[in-house]
Each structure stands twice: as structure tokens, then as C-alpha cells.
Amino acid sequence: MDQIVTAHDLRRRFGEGDAAVDALDGVTVSFERGRFSAIMGPSGSGKSTLMHILAGLDRPTSGTVELDGVDITALDDGDLTKLRRDKLGFIFQFFNLIPVLTAEENIVLPLSIAGRKPDEEWVEQLIETVGLGDRRTHRPSELSGGQQQRVAVARALVSRPAVVFADEPTGNLDSTSSGEVLHLLRRSVDEFGQSVVMVTHDPEAASYADRLLILRDGQVVHDCSAGSAEEVIELMKSVA
Amino acid sequence: MTKVAIRGIAQRKLRAFVTVLAILLGVAFIAGSYVLTDTINRSFDDLFDEAYQGTDVAISSSTTGQSDGGDLPPFSERYVNVVRRVPGVNKAAGGIFSLGRFVDAQGEPLSNSFAPEFVSSVAPEPFETLTYTEGRPPRTAQEASIDESTADREDLGIGDTLRIAGQAGVKPYRIVGLQRLGNTSSGGSSTAQLTLPEAQAITDKRGELDGISVQAAPGVSPRVLRQRIDRVLPPRLVVETGTEAAARQAQDIKDDLSFFRVVLLVFGGVALLVGSFLIFNIFSITVAQRIREFGMLRTLGASRRQILGGTVLEALALGLLGAGLGVPAGIGFASALNAIFKSFGIDLPNTGTVIESRTIIVALVVGIFVTLASALVPAVRATRVSPMAALREAELPESRTRGRIFTAFAVLLFAIGIGMTCLGLFGGTDDANAAAGLVGGGAVATLFGVSMFSPRLVRPLASVCGWPLEKLRGLTGRLARENTVRKPGRTAVTAGALMIGLAVVVFVTTFAAGISASVGNAIDRNFQGDLVLQNTDGFSTISPGAGREAARTPGVQTVSSLSFAGGEVGAKDVRVSAVDPRSVADVLSLDWEQGSPETLSSLRNDQTVIDDAWAKNNDIDVGDRIPVRTPLERLVPYTVVGTVKDNADLLGNLVVTEEQLRREFGVRSPSLTFVKLEPGANADAVQDRIKEAVKQRYGTVDTLNQQELKDNQEEQINQLVAFFYVLLALAIVISLLGIVTTLALSIHERTRELGLLRAVGMSRRQVRTLVRYESVITALIGAILGTVLGVIFAALVSRPLADEGFELAYPVGTLIVLLLLAALAGVLAAIWPARRAAKLDVLEALAYE
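No experiment lies behind these values; they were computed from the predicted model shown.

1. Description of the overall build of chain A
Along chain A, the regular secondary structure elements total nine helices and ten strands. With the C-alpha coordinates aligned to their principal axes, the bounding extent of chain A is approximately 50 × 45 × 35 Å. A burial count over chain A gives 48% of its 240 residues as buried. Summarising the internal contacts of chain A: among those between residues at least 6 apart in sequence, 68% fall at separations of at least 24.

Set out below in C-alpha cells:
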């Protein structure tokens, strides 16, 4: 199958000498295009570090990452910035919207930064999909947490990135809002063929994914298709 | 709480550093101003003490009406013999001490400095004040000595030629000695010494003297001798003991300097005011960022008083440090100021730095007070933090009612400020100091009013300033503009600091442009001649011979001069000018209120034409007789036959005939000589011919046509403006420091936001641009406010001068340049914060809490 992100033997060491910690200890993994993958694991398992490295936000101590055919571990900051702009979408736990911009402006932010004209139709479709048609001129402070995160989802999708990385996207939301956001991510995969990689510790969230990856102590300990939330909880208990 | 305060300072190093620096710079300016002026005062004391050593009684010309300096009229040398016959006089000798100019072979001044150059005569012992360090005093008419610092500067030595331009013309001398005045350094002036007859000749004072020095016989006290001498001399001669003469002359200079000190202190005050804005902002931001900490302290049982005390203590410690360091820095600053003066050609004497205890006390008190006052409002706001703030992300409360009262107060303050200014300007206060105080106080109140109101102006102004950036750079410009209006108060104070400095700059610029334009217009209107001769320094007199030389030049139709003198009318100083009635109509055209050009052409020796404004102020009408006390101590009555509007203040208060000025005021040299050419004469050719003839023989005389005269005036005004710019530079630098700090602190607050922008693809360069634009917009807001205020004040202050022909001119070009410079300053101020923002690590910036 077509791989959108491939990591080979990733290692990431923090600190030096006795205090050194291996956050990633030889991770080799790849993610398929057009699928929704979830990464789970207990605190300190290295799941966030893995995502940061896959997304070019952090550099591995050794190993390579190939994203959409490009070895991103060899890129400098300028090229990484371009890569993030053109090929990646991000969703964070704290919605991280720009408070001075309206919902719509936040959505098209990556395009504005790149100096590109947004595809009007696509933006309209996105705004409709995330259900913010009547909120487009509101500022983040005038939106609920769920609405803010839906803006963030639309923002991640607006540039039609090769892959969207979501870091605990429901970590700060109530269950209703969480459901909406996860449903959106699911739809983006199903309807737009988007590739999504999500880090989460919420089994409910993981149950929306096609595939589940479990990390512990910097290593992949389980790789399977995701089941229901109950199955995920059972799996976590047995593995972690 | 003390511990918390001290640790707080240690943790917030940048803020502490900037606060201390702002206070340090302001205090250094104040302390430096005192140190410099004290030092100069002491130096002049020393200088004059030195000069009158060995002189028991000194005789000089009366200084009636001579408050603005210049050469006093000489007196006949026969008085030496009169003095010698007074019982108790052991020795008496006459001397010359006149302004001269040292020139090169082409007649150009050796140095361009404003420092006066003197010609003095060799005095017999014990009156000689100069000490020879090399060579000997001049003995023949061809010899001269010169002070060693001038010799040093101009690379002159024994055997070299020194050309002196005096009233009688230029003459070369062989240098035979180098001297200096006692132990003091140059004293800022240069002195060439000649034999007495030669000094009299070159200064056109044959048979005359500037002063007589007297030594008392043993057992005769100077005071007694002074009284005896005074009885035998006419009233136009002043008789003083040596000590009195030294003290009076030093005092005269001190009086002039006290104005200068006030000017310096005003600029120091501006710097401190700007600093106070900066400190206010730093403390406000700090308090806002420490809300959680304050809330936590409150939950632990800290009282409001303790919270207040903590912040105030922090301010006190920083103020103390800043002021403490500012005093020694002030000594360095005094030397820097001195260097600035030197670069403007004003060489001031220095016989050792003087640090009065007053300097230290004032500097410390002012520095600490300013810091405390600036930190007080933020400190009080800190006490309003509720313990709940510890538990959640909270903003400082800002209720609407308070906002409204605040705005009303700002408007009121603005109104009071403008009101005070107008009262000072139009209130008819006779006391110039009170009026100046009202105008100054009004200006400060206005500035405060505007800066308190300005948070409401930030949004519209930011839209204006940000518009081109948004058009040009899209999102980056948009975000930059939005960021500036996020905390309008913060932006307003940051911009306010720049506003103050710029308001003063614009005021000075606009006012100077007005003066230039008015002078230019006056020259156009009044100046009928084609050429004018004046001293190269622009204000000293020129030799009458220069005019005669010009009159002999082919192509010249008329030569007519304007001379100036001082006098007193009813114990008040007046300025008197003199014309030659026969030829004045050819060269001057006046704006007549009563009378006509014929009035002046037929002016008799007992008549005068007076300035209309002065006439009205003193209730003088045509037909009145005004008694004028002249420098020769004569009371001469003149009948007023006409009044003129003297727009350029060219003529002073009264105009009399040239003959009167010579006879009754003792002034023989004109200040301006106008030349009218024959019809059809080639103006350039004639000008060149006169230039050559005059320069060779008389030196230090410029031959200017109308345009050159205007340029010349403008250049002098511009030099003064440049001097003010230099003094204002510090205030501007402090306000830029404010932009740097505020940006850095704001960026710190927005770390996560920047992280996000970077994560979604903003390049480092774009981040830098973003910060830079924010800085530029802030700077422009300050610049626009400052420009508007500066222009308003220039317009206000010039109103009362309109009667005297002052025409306000708006230097639009210069103002635009100033705005561009402000934007550029914004770019500079953003360099460091922008770099910091761009360097942010994306992951760390995004780090969750």
C-alpha cells in the first residue's frame, strides 16, 4: 500500500550521560495514505516525541523520516518551514488559534502565510463541514472550546496537506465536543481521502481510527487495526 | 515580602536592567547639566580672579544697555594721567582688550569656532595677567604673542606669522611668544597680545583705552582708592576694586549661563519624562504577568498592603540603583556635553570638574521620585488582584466606569494643559518666568492628557499606519497591526514615550522653520540693496573701512550702513539702531505705521523712529520725547517722528542717525553695510570685486547677495536646531528602549502563538517581519501624535509673535522625513526582539504549560 510517512529506526535521546533518557529507542513504522492512524501509550512512552519527529518539529538523534517521498531529517529550518506550510496540517490540544483573527481568517491562515489565494469553494465546503457557517466572523474568544477546535481542524485541512498530525485533539474538550471533532477527522479521511495521524490517550478517540499503534518505553509494542473503545481499553491493559 | 521583591528583581533581569538604565540616563543628564554648568561657573571665577590679580582698582566703560555683550565703547587715554594724579595711586596703566579675529592669508577666519578671539595689550608689572611659557612679550609693532592652546590647535609657533583682523584692517605679525592665563586651561577663548600702541592701532582705538588698571600705594586700601578715583572720573567710567570687577564679570557670565543651565535641565526633564513612561509600562506589564503570583500570595494570606509594598520596594530599589549610578554617569555625561559643545564650536573653559552636593541630592531625589511615581499606579493595580487569580488565567480587571472617569480626566487634563499654555501666552503676564512656567507646565499637562487618552487613539491610528503594510504584506501586516491594538494601553504608553521626544523635535523644527521663513520674508521686504557686508560670524561689527572700500568699487551706486547699540529708557534696556538718513532709502524699505520713507530720509539728530510694538507697549506716541541713557552715561532726549513695524526685529526699539550713535553711544562700526548697484551693473561681477577688495584688507567680512544672506541666516538657525536635536537624542533613545522592552515582553507573552504560526508554516523571516511591523506601527503612532502636538504648540507659541511679523511655516518635507525616521527607528528597535522571536524553538513555544 502507498505509504505517506515512513520512519526508519528512529532514536531520540534527551539529556546526556547518566541523566540521558531514550524517548524513542529504535522505532520503525509507516503510515498509509488516506487512513486514520492513532498512536497511544502511557505517559513517557514517547508517543508525542514520535509525532514531533514525524512532523519535522523535532529532529531524531538517529534514524530517518520520509514524508511524501522527502527525507525530512535532512532538511534545514527553511525547508522544514516550507514543508510544514505546504504538506502538513496540525491540530493541537490547546486550540492555538490566533486571538486577533476571525474564525475564517484562522482557517485560511496557512494559505495567508504562504501568500496563496485560498480556493473559495474548498474553504466554503470546509466551513460547512465543520459547521461554523454562522460563526466565521467571530473571534476565538467568542467561540466555545469545541468550536475553536473545529476551526483548528478546518485550518489543518485547508491546504490539502499530505498528512494531518493531531496531538491530543480532544484532550481539552467535553465528550460532546470531542465526538464532533473526531467525527470531523473521520469524515476528512472518508470523504476527502485525507491521511491523519493522531496521538491520544483517550480510548474513545482511538476507536475512531483505522489503525492503532501502541508505544511503550520508546518502542512500538503493538500495531493493529483499531476496534471499539472497550477493545482498545482491554488492549491497553494487556500491552501497557 | 522584601525577599519576594528582591528575588523578583533578580528574576526579571531585562526589566530591571531597562528600568535602571532609563533612570540612569535621565539622572545622568540632570547631574551632568549641573556638573557642567557648575564647572564652567567655577572656571570663570578662577579666570577672572586670575585676570585681576595685581589690580587693586579697575576702570572700565559703563555697561549701560550692554546686557547682550559685545565691545564696550573705549575712552580717552588721557584719563590715565587723571588717575595717576589721585593720591594713593602707586601705578596706573591703560590697556586694550577688544574682540579681534585671527585670519589666514585669504582673510578667512583660522577657526570656525564661535569662541571669541581677543586682542590685548602688553601690561607693565604688576598688571600682566598672562604667563609666558615660551618666548617673550612683543616689543615692536610687528610682533605678537598668542595663547598656547590656539598655537597648538592652529599649529603655530615662534617665528610664524599671525594675521589679525581688527577694526582697522588685517595686519600680519611675527609670533615671538606663547602665553596662557595663569593655570587655567584655554578658557575657551584665544588671546593675541600686542604692544599697547599697536593694539590701539589694529582695533582702531588710537589714543583710546578699554580699561585702566591701578595699583594702590602701600597702606591705601582698594576701597578707599576706588572712592577717590571715582570722584575725579566722569560717570561713563566704572570704577571698581579688582575683586569687584572679577566678581561682576564672572556674575555676568553666570547670568548668561543660568539660562543655558535651564535649557539643559529642561532637556534632562524631557529625558526623565520619557523614562517615566517606560518604567510605567515595564511595571504595568510585570504586574499583568504576575497576576497568578499575586493571587497565590493573597491566598497565602498576604495583605493588599504587603502586595503594594512589594512592588513599591522593587521600584525603590531600582530607582536607588539607577539614580545612584546616574550621578557618576552624570560626570561622564558632562564631558560628553562639553564635547558636543566643542563640536558646535563652543569651547567652554574647564579648570576642574565641580560636583556640588546639591547636584547629588537633586539627582538622587529626582531619580528615585520619578521611579516611584511611575511604578505607583501599576503597584496599586497589583493590589486589586483577587486570590482567585491564583486558580485561573485572569486578566487585570478594568471596569467600564473607571474607564469613563479616566477618559474624562484625560480630556480635562488636556484642556487644562492647553488652557495653561494659552494663559501663559496670551494672559498678558509681564513676568517672563511665570509665563514660561505656565507654558511649560501646560505642555507637560497636555502631553499627559494626550497619552492618557491615547489608548483610544491607538486603534484608528494603527489602522492608518498599518494600512500600507497590510496592502503590501498581507497577513504579516495585518497581524502586526492587530497585535498593536491588543493591549491599547500598553501600545499607547510605548508610543507616548516617543511622542514626547518627537513633539519637542517637531516643535523646534516647526518653530525654526517659522523663524527662517520670517527672516527670509523680512529680507525680501526690507532689503532694497543688492549686496550686504557683514561679519563672518554673523553678528559682530565690521570695519567702517569695508563700506568705504565697497563704495569705491565700480558699479556701486550707494553704500549705507546699519549700526547697533544698547541704551536704557526708564531703567529698561533698549536696542538702538542707526542709519545714514541720506542714503537709507536706497537700501532699506520699511513697513511704516506712522510716517513715510521721507521721515527717515529727513531724520534729524534729535529725532527717532521707533518700533510700533514697543511704542504700543510703552504708550509712546509720535511727538513724544524719549530720554535715552547711552553707554557714555549721557541722557539724550529724542523726539519720536514715526513708527514702523519691525518684522524681522532688524532695527531694535529705536532708530537714530548714524552720527548720533557715534557721538552719544560711542559706536563707530556698523554691523551691516548695504550696497546698491548702479542700474545695469553685473551683480555677480561687482560682488566678486567687492569681495576681493574687502576680504584682503579687512578679513572677516562676508559680501553676500540677498539669497546668500537668507541662506546664511537659515544656516545659523539650523545650527541651533541641530544642537537641540543632539540634546533630544537621549530622550528618543530612551523611548526606543521602551519599544524594545515592550516588544520583548509582549513577545514573551505570545510565545505559544508564535509557536503556532511557525508550526503552520510561518518562516523565521516572516516572524521577524511581523515583529518589525508591530514596532514600526507603534513608533509611527507615537510619531504622528508627537508631530500633531509639536505643530499645535509651535502654532500656539508663535501666536503672540505674529504681531512682530513671525510667520509660521510648516516644514512639510522635514516633518515627513521625521516620520520616516521614526519608522526607521521602529525597525531598529525591533531588531533584537525580532531576532528573539524568530529564534523561538517551535516545540518549546508550543509546550503545554
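2. Quick notes on the overall build of chain B
Across its full length, chain B carries 26 helices and 23 strands. For chain B, the residues scored as buried account for 50% of the 849 residues in total. Contacts in chain B between residues far apart in sequence, at least 24 positions, make up 83% of those at least 6 positions apart.

3. Section: the interface of chain A and chain B
Tallying the contact residues gives 21 residues for chain A and 20 residues for chain B. Listing elements by their share of the side of chain A that touches chain B, those giving two or more residues are α2 (77–87) and α4 (109–114) of chain A. Taken together, the residues of the side of chain A that touches chain B break down into ten nonpolar, seven polar and four charged.

4. Examining the pairing of strand β8 (residues 161–166) of chain B
All names here are of chain B. Sheet analysis places strand β4 (residues 97–103) next to β8, joined by three bridges and oriented antiparallel. Across the sheet, the residue bridging to V103 is R163, located in β8. Direction of pairing for β8 relative to strand β9 (residues 169–181): antiparallel, over a ladder of six bridges. Counterpart to A165 in the pairing with β9 is V170.

5. Side note on helix α10 (residues 357–383) of chain B
Taking 1.5 Å of rise per residue, 27 residues should cover 39 Å, and α10 of chain B covers 38 Å from first to last C-alpha, within 8% of that figure. Its maximal kink placed at L376 of chain B, α10 of chain B deviates by approximately 40°, while the proline P378 of chain B follows within four residues.

6. With respect to the packing of helix α2 (residues 13–51) of chain B against helix α9 (residues 304–343) of chain B
When two helices pack together, their arrangement is captured by the angle between the axes and the distance separating the axes. Residue and element names in this part refer to chain B. With their axes 5 Å apart at the nearest point, α2 and α9 run at an angle of 45° to one another. Here α9 runs oblique to α2, going by the angle between their axes. As for the relative orientation of α2 and α9, their crossing is right-handed in sense.

7. Details of the sheet that holds strand β9 (residues 211–216) of chain A
Residue and element names in this part refer to chain A. Taken in spatial order, the six strands of this open sheet run β6-β7-β8-β3-β9-β10, and their pairing is mixed. At either end of the open sheet lies a strand with only one pairing partner, and these are β6 (88–91) and β10 (219–225). This sheet shows a mean twist of 20° between the axes of neighbouring strands, independent of strand direction. Here β9 runs beside β10; their pairing, made up of six bridges, is antiparallel.

8. Topic: the packing of helix α7 (residues 242–289) of chain B against α10 of chain B
Residues and elements named next belong to chain B. Axis separation between α7 and α10 bottoms out at 8 Å; the angle between their running directions is 30°. As far as their axial angle goes, α10 and α7 are roughly parallel. Both α7 and α10 take part in a crossing whose hand is right-handed. In contact with L272, G275, S276, I279, F280, F283, S284 and V287 of α7, α10 contributes V366, V370, T371, A373, S374, A375, V377, P378, A379, R381 and A382.

9. Comments concerning the domain arrangement of chain B
The domain boundaries assigned to chain B delineate domain 1 (1–55 + 243–397), domain 2 (56–242), domain 3 (406–453), domain 4 (455–526 + 710–849) and domain 5 (541–699). Placing the centre of domain 4 of chain B and that of domain 5 of chain B at their C-alpha centroids yields a distance of 48 Å.

10. Some details on the confidence of the model for chain A
Of the residues in chain A, 98% have a pLDDT of 70 or more, and the chain-wide mean is 85. For chain A, the element scoring lowest by mean pLDDT is helix α9 (residues 229–239) of chain A, at 76; strand β8 (residues 196–199) of chain A scores highest, at 92.

What counts, and at which threshold
- Residues numbered from 1 in each chain as written.
- Chains lettered and ligands numbered in written order.
- Predicted model: local features only at pLDDT ≥ 70, side-chain atom pairs only at ≥ 80, totals over all residues.
- Helix = DSSP H or I, 4+ residues; strand = E, 2+ residues; numbered from the N terminus.
- Buried ≥ 20, exposed ≤ 12 C-beta atoms within 10 Å, placed from the backbone.
- Contact = placed C-beta atoms within 7 Å.
- Nonpolar A, V, L, I, M, F, W, Y, C, P; charged D, E, K, R; others polar.
- Pairing = 2+ DSSP bridges.
- Expected span 1.5 Å × (residues − 1).
- Bend = angle between axes of the 7 residues up to and from the residue.
- Axes fitted to C-alpha atoms, helices over the stretch in contact; angles between N-to-C directions.
- Parallel < 35°, antiparallel > 145°, perpendicular 65-115°, else oblique.
- Left-handed = near helix turned anticlockwise from the far one by under 90°.
- Domains from an automatic or database assignment.
- pLDDT = per-residue confidence, 0-100.

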